[in-house]
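Coordinates in review
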Amino acid sequence: PSIHPFDPLIHPFHPSISSIDPSIHPLIRCCLIPLIVMDEVLELLRAKPTKERMEGVERLQQVVVGGKSLSATDVANMVDASLLLLKDNNFRVCQGTLQALASAAVASSSSVNADHLKLHLNALLPPIVERLGDGKQPVRDAARRLLLALMQVCMYYPSLSLSLSLSHAHSQAF
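Because the structure is predicted, anything quoted here is derived from the model rather than measured.

Analysis parameters
Each chain has its residues counted from 1, running along the sequence as written. Predicted model: local features are reported for residues with pLDDT of at least 70 only, side-chain atom pairs are reported and counted for 80 or more only, and whole-chain, interface and lining totals are derived from all residues. Each side-chain value is worked out from all heavy atoms of the structure, with water and hydrogens disregarded. Here the nonpolar core consists of buried residues drawn from Ala, Val, Leu, Ile, Met, Phe, Trp, Tyr and Cys, with membership extended through side-chain atoms lying within 4.5 Å. Remark: exposure states derive from per-residue accessible area (1.4 Å probe, protein chains only) relative to the maximum for the residue type, with buried under 20%, exposed over 50%, and partly exposed in between. By the criteria applied, helices consist of DSSP H or I runs no shorter than four residues and strands consist of E runs no shorter than two, each listed in order from the N terminus. Throughout, a contact is declared for two residues whenever any of their heavy atoms are within 4.5 Å. For the purposes of these results, a polar contact is taken to be a pair of N or O atoms within 3.5 Å, where, inside protein, one atom must be able to donate a hydrogen and its partner to accept one; residues adjacent in sequence count only when each atom of the pair is a side-chain atom. Here the arc refers to the directions that run from the helix axis out to each C-beta atom. Lines fitted to C-alpha atoms define the axes, with helix axes restricted to the stretch in contact, and inter-axis angles between N-to-C directions lie between 0 and 180 degrees. Small angles under 35 degrees read as roughly parallel and large ones over 145 as roughly antiparallel, with 65 to 115 read as roughly perpendicular and the rest as oblique. A clockwise turn of the near helix away from the far one marks a right-handed crossing, whereas an anticlockwise turn of less than a right angle marks a left-handed crossing. Classification convention: Asp, Glu, Lys, Arg as charged; Ala, Val, Leu, Ile, Met, Phe, Trp, Tyr, Cys, Pro as nonpolar; all other residues, Gly among them, as polar.

Observations concerning the nonpolar core
- Ranked by internal contacts, the top residues of the largest apolar core, which has 37 residues, are Leu 45, Leu 60, Met 78, Leu 98, Ile 128 and Leu 150.
- Secondary structure elements with two or more residues in this core: α2 (38–45), α3 (50–65), α4 (72–85), α5 (91–108), α7 (121–131) and α8 (137–156).
- The residues touching Leu 98, leaving out its near neighbours within four places in the chain, are Leu 86, Ile 128, Arg 131, Val 139, Ala 142, Ala 143 and Leu 146.

Section: the side chain of Arg 53
- Counting through the fold element by element, Arg 53 comes out in helix α3.
- By relative accessible area, which is 11% here, Arg 53 ends up buried.
- Engagement of the side chain of Arg 53 in a polar contact is seen with the backbone oxygen of Lys 48, the distance being 2.3 Å.
- A distance of 3.1 Å separates polar atoms of two side chains, one belonging to Arg 53 and the other to Thr 50.
- Arg 53 has contacts with Leu 44, Leu 45, Ala 47, Lys 48, Leu 85, Asp 88 and Val 93, leaving out every residue within four places of it along the chain.

Here's the deal with α2
- For α2, the complete set of buried residues consists of Met 38, Val 41, Leu 42, Leu 44 and Leu 45. Relative to the axis of α2, the buried residues are bounded by an arc of 160° and lie together on one face. Looking at α2, the residues exposed on the side facing more than 90 degrees away from the buried face are Asp 39 and Glu 43.
- Contacts from the buried residues of α2 go to α3 and α4.

Some details on the environment of Leu 101
- Position of Leu 101 among the secondary structure elements: in helix α5.
- Sequence separation between Leu 101 and Met 78 is 23 residues, and the spatial gap between their C-alpha atoms is 8.7 Å.
- Non-local contacts of Leu 101, meaning those with residues more than four positions away in its chain, are made with Met 78, Ser 82, Leu 86, Leu 124 and Leu 146.

Considerations on the packing of α4 against α5
- Interhelical geometry of α4 versus α5 gives an angle of 150° and a closest axis separation of 9 Å. As far as their axial angle goes, α5 and α4 are roughly antiparallel. Handedness of the crossing formed by α4 with α5: left-handed. Facing α4, whose interface residues are Met 78, Ser 82 and Leu 85, α5 presents Val 93, Cys 94, Thr 97, Leu 101 and Ala 104.
- Of the residues belonging to the contact of α4 with α5, the class tally is 6 nonpolar, 2 polar and no charged.

Dropping the structure here:
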């Protein structure tokens, strides 16, 4: 089927862009995903209801996997929202956030996002390491995968370093 250039499904300012029709050809759908506005995603991530936060996490995953290079501001906003979501009581929100960050790390290994991401590594590491001790196995697995993805990014970009500053009650003993 031919698509008119003013079709509301592909117009970036149309409100229905956030609900992309799954029956659209995959190549066209792939091009539409980056049109999801990051501001909408951030608004959902900061929402009170868990259902909206979960929707925000899913949309964040779409944005990250969509292949669009994120700006420094988008990465900073994503990290800020993620820091709050990693403290969330809902394990699915935490798990989804860790998975989205892992996707962002993998995507950054082949783009300029690595430079943007490296600015936030020291802020991200403590909550990620804390999630390694989560009560739910899927959250622990997602945290482990994220740390592995970050280490992989550091291998591709030697200028990045994972300087884990873990504080322990008896740190002098080590």
